[in-house]
Amino acid sequence: MKTNVTPIRPGVIGIGAGELTPREVVGRAVVRLVAEGRSGSVRLWIGSAQIGRVDVHEGRVRHAEIPGAQGDAALGLVPRLSGVQVVIEPYQAVPSTVTLDWKQVLDPDGALERDGLVPRAERSEGFAELFREATAAYVARRYDDAQALFERCAELEPDDRRVAHNLERLRARRR
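All figures in this text were calculated on a predicted structure; none of them were measured in a lab. (Residues numbered from 1 in each chain as written. Predicted model: local features only at pLDDT ≥ 70, side-chain atom pairs only at ≥ 80, totals over all residues. Heavy atoms only, no water.)

1. Considerations on the overall build of the protein chain
And then number 1: Within the protein chain, the regular secondary structure consists of seven helices and seven strands.
And then number 2: For the protein chain, the residues scored as buried account for 43% of the 175 residues in total.
And then number 3: Across the protein chain, contacts joining residues at least 24 apart in sequence account for 59% of those joining residues at least 6 apart.
And then number 4: With the model as given, the accessible surface of the protein chain reaches about 10100 Å², and the carbon-plus-sulfur share is 49%. (Helix = DSSP H or I, 4+ residues; strand = E, 2+ residues; numbered from the N terminus. Buried < 20%, exposed > 50% of the residue type's maximum accessible area, 1.4 Å probe, protein only. Contact = heavy atoms within 4.5 Å. Areas by Shrake-Rupley, 256 points an atom, 1.4 Å probe, with all protein chains shown as cover.)

2. Considering the packing of aromatic side chains
Ring pairs (aromatic) are described by centroid distance and by the angle formed between their planes.
And then number 1: Following the criterion strictly, the structure yields three aromatic pairs and no others.
And then number 2: Ring geometry for Phe-131 versus Phe-150: centroids 5.6 Å apart, planes at 70°, classification edge-to-face. Taken together, the positions of Phe-131 in helix H5 (residues 127–139) and Phe-150 in helix H6 (residues 143–156) put the pair 19 residues apart, joining distant regions of the chain.
And then number 3: Under the relative-accessibility criterion, Phe-131 is labelled buried at 9%.
And then number 4: Grouping aromatic residues by their ring pairs yields a cluster made of Phe-127, Phe-131 and Phe-150.
And then number 5: Above the ring of Phe-131, the side-chain terminus of Arg-162 is found at 4.2 Å from the ring centroid. (Phe/Tyr/Trp six-rings, centres within 6.5 Å; stacked < 30°, edge-to-face > 60°. Lys NZ or Arg CZ within 6 Å of the ring centre and 35° of its normal.)

3. Overview of the packing of H6 against helix H7 (residues 161–174)
And then number 1: One can describe the packing of H6 onto H7 by two numbers: an axis separation of 10 Å at closest approach and a directional angle of 145°. Remark: the crossing between H6 and H7 carries left-handed chirality. On the side of H6, the interface is formed by Tyr-143, Asp-144, Ala-146, Gln-147, Phe-150, Glu-151, Cys-153 and Ala-154, while H7 contributes Val-163, Asn-166, Leu-167, Leu-170, Arg-171, Arg-173 and Arg-174.
And then number 2: Residue classes in the contact of H6 with H7 are distributed as eight nonpolar, two polar and five charged. (Axes fitted to C-alpha atoms, helices over the stretch in contact; angles between N-to-C directions. Left-handed = near helix turned anticlockwise from the far one by under 90°. Nonpolar A, V, L, I, M, F, W, Y, C, P; charged D, E, K, R; others polar.)

4. As for the environment of Ala-137
And then number 1: Among the structural elements, Ala-137 can be located in helix H5.
And then number 2: Owing to a relative accessible area of 0%, Ala-137 belongs among the buried residues under this scheme.
And then number 3: Each C-alpha atom of the pair Ala-137 and Leu-149 lies 8.5 Å from the other, and the pair is twelve residues apart in sequence.

5. Notes on the confidence of the model for the protein chain
And then number 1: Residue-level pLDDT values for the protein chain average 79, and 80% of them are 70 or greater.
And then number 2: Put simply, strand E1 (residues 4–9) is where the protein chain has its lowest mean pLDDT, 37, and strand E6 (residues 69–70) is where it has its highest, 92.
And then number 3: This stretch, residues 1–14, has a pLDDT under 50; its non-local contacts, to residues over four places away or in other chains, come to 30 contacts. (pLDDT = per-residue confidence, 0-100.)

6. Looking at the side chain of Gln-147
And then number 1: Checked against the element boundaries, Gln-147 lands in helix H6.
And then number 2: Judged by relative accessible area, Gln-147 falls into the buried class, the value being 10%.
And then number 3: The contact partners of Gln-147, leaving out residues within four places of it in the chain, are Leu-167, Leu-170, Arg-171 and Arg-174.

7. Some points on H6
And then number 1: Here H6 spans 20 Å end to end across 14 residues, near enough to the 20 Å set by a 1.5 Å rise per residue.
And then number 2: Those residues of H6 that sit buried are Ala-146, Gln-147, Leu-149, Phe-150 and Cys-153.
And then number 3: Elements in contact with the buried residues of H6: H5 and H7. (Expected span 1.5 Å × (residues − 1).)

Next comes the structure, spelled out in structure tokens:
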């Protein structure tokens with residue numbers, strides 16, 4: 001992966017532009033939050049100036065803003081920014097202003113999806129919650145519980161690369 005990831009301060013990650021287009025830089029940051037059903041604010045920077053943000057709440061893009069625009073208009077302008085860097089910070093509740101499908105704006109040619117970074121839109125009912133439970137069990141070192149939960153995730157979403165990776169790691173622990 002070409003992304004240059006640098007810690008900014010504890011709990012915050014910056015993604016430098018490097019060889020990526022602004023669309024890819026912002027898209028990858030949004031994907032991190034959406035793929036895990038998490039909440040966060042993707043702050044957009046050019047040099048030392050914050051020039052906007054894209055807010056994700058529980059895996060859904062809810063708000064976007066840049067100077068002079070909010071919501072769908074701002075999200076549509078994000079790919080035109082040059083030299084943008086992003087910082088992922090904690091989510092702060094904001095009204096929902098985005099109605100567009102973010103993938104159509106930030107990944108119109110499907111490159112992130114082909115790379116396996118964009119999750120499928122049609123997730124099975126309860127998959128996200130089950131995946132969170134499985135991850136929590138793994139982090140708590142309850143490996144038997146984690147394996148059982150990830151196996152249930154695999155039944156719901158057999159093509160999910162994250163589930164396959166986690167099951168592989170759990171099986172390797174038993175060897």
